[in-house]
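Below, each chain spelled out in residue letters.
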Amino acid sequence: MATTEILKSWNYKALCENCGRHVMFRSVLGKLKGLSKEIDFIRECAIEDLHGFLDVEKQVRRESLVKFSFMIPVEERRAEYASVTHNRVVTTPEGAIPSREEARKLYGVEEAMGVMKREHASGLYGLLCSMDLAYTATSLSNPSEKLSEDDYKIRVKAAILGLMELLSGHFGAAQARALPIIKVTELICLASKTPVPNLVHGFYKDYAKESASMVKTAISRGLAKSGEIKVLVVGEGPVSAFKAEGVSFEEAKTFSEAIGGVLKMVEG
Ligand SMILES: [Zn+2]
């Protein structure tokens with residue numbers, strides 16, 4: 001959703017009507033536009049490109065390039081849950097709470113008050129995200145078919161910037177009730193020009209140590225070349241884990257600084 005809005009704000013036109021309205025189900029571009037090749041679907045829409053799709057009618061599919069794990073409470077700490085009662089009250093044009101008759105007359109409803117209970121959770125959560133952005137603007141079923149370099153750059157940038165929105169709490173369906181109270185305490189960003197294994201999920205208490213050791217092995221086994229890889233970390237735990245493994249990294253003060261660092265690598 002964040003990526004869609006970023007692309008719109010740049011006046012980028014390759015977004016299909018459904019994705020523009022944040023209706024991101026399997027693609028119906030085959031039916032609507034008569035498309036039957038993967039490259040044509042992704043030419044038409046940047047979200048079909050990043051998010052992947054399955055057109056059941058034409059049986060054309062594309063794997064997601066951007067993948068998220070579930071965000072779950074970390075191993076060593078319990079999350080707390082509480083039920084909160086929310087209340088919505090309508091008013092008359094004078095600003096008064098309407099009586100039952102007035103509510104019926106003004107709004108066609110029986111009650112002027114809408115009471116709802118919602119579960120809210122609090123705790124320390126971990127998540128993992130992987131983005132195979134090298135394949136952006138490229139057909140996976142026929143990699144010789146590509147869109148322009150401009151499309152590639154714009155889409156990659158929007159996908160990475162979308163993370164900034166996510167980590168600032170811009171996600172979930174319950175934002176109409178309450179914005180999340182969120183602060184990123186630790187983050188490890190690994191950007192590589194060659195394919196690397198996923199980092200370890202933030203659920204595990206030794207995730208930073210395990211991730212650092214994975215990066216070290218990837219470099220020593222030639223999976224990643226030290227000039228083509230960038231590690232940005234936020235928080236004391238990840239900093240000491242990467243120091244202990246002797247992997248070179250940049251320390252960022254905040255998640256936005258870290259994501260800015262990844263963007264620089266893409267632009268440079
Ligand atoms: Zn779309």
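For the structure itself, consult the block above.
Throughout what follows, the structure given in this document is the object of discussion. (Residues numbered from 1 in each chain as written. Predicted model: local features only at pLDDT ≥ 70, side-chain atom pairs only at ≥ 80, totals over all residues. Heavy atoms only, no water.)

**Regarding the coordination of the zinc ion**
Right, on to step 1. For the zinc ion, every protein donor is listed as Cys16 (SG), Cys19 (SG), Cys45 (SG) and Glu48 (OE), and the spread of their distances is 2.0 to 2.3 Å.
Right, on to step 2. Around the zinc ion, the 4 donor atoms are arranged such that angles at the metal cover 88 to 123°; this shape is classified as tetrahedral.
Right, on to step 3. Here the donor residues of the zinc ion share one chain and are spaced in sequence as C-x2-C-x25-C-x2-E. Of this pair, Cys19 sits in helix α2 (residues 17–20) while Glu48 sits in helix α5 (residues 46–51), and the two are 29 residues apart along the sequence.
Right, on to step 4. Glu48 sits in the buried class, given a relative accessible area of 5%. (Donors = N, O, S within 2.8 Å, 3.2 Å for Na, K, Ca; no water. Tetrahedral: all angles 85-135°; square planar, octahedral: opposite > 155°, others 65-115°. Helix = DSSP H or I, 4+ residues; strand = E, 2+ residues; numbered from the N terminus. Buried < 20%, exposed > 50% of the residue type's maximum accessible area, 1.4 Å probe, protein only.)

**Focus on the sheet that holds strand β10 (residues 229–234)**
Right, on to step 1. Spatially, β9-β10-β11 is the arrangement adopted by the 3 strands of the open sheet, whose pairing is mixed. Each edge of the open sheet carries a strand with a single partner, namely β9 (187–192) and β11 (250–251).
Right, on to step 2. Here β9 pairs with β10 via 6 bridges, running antiparallel. By the bridge assignment for β10, Ile188 is matched with Val233.
Right, on to step 3. Across the face of the sheet, helix α9 (residues 236–245) comes into contact with β9, β10 and β11 while running at roughly 140° to β10.
Right, on to step 4. In the packing of helix α10 (residues 255–267) onto the sheet, the strands contacted are β9, β10 and β11, and the crossing angle to β10 comes to about 170°. (Pairing = 2+ DSSP bridges. Contact = heavy atoms within 4.5 Å. Axes fitted to C-alpha atoms, helices over the stretch in contact; angles between N-to-C directions.)

**Section: α10**
Right, on to step 1. In this model, α10 (13 residues) spans 18 Å end to end at C-alpha, consistent with the 18 Å of a helix rising 1.5 Å per residue.
Right, on to step 2. Within the sequence span of α10, burial applies to Phe255, Ala258, Ile259, Gly261, Val262, Leu263 and Met265.
Right, on to step 3. Structurally, α10 contributes buried residues whose contacts are with α7 (149–167), β9 and β10. (Expected span 1.5 Å × (residues − 1).)

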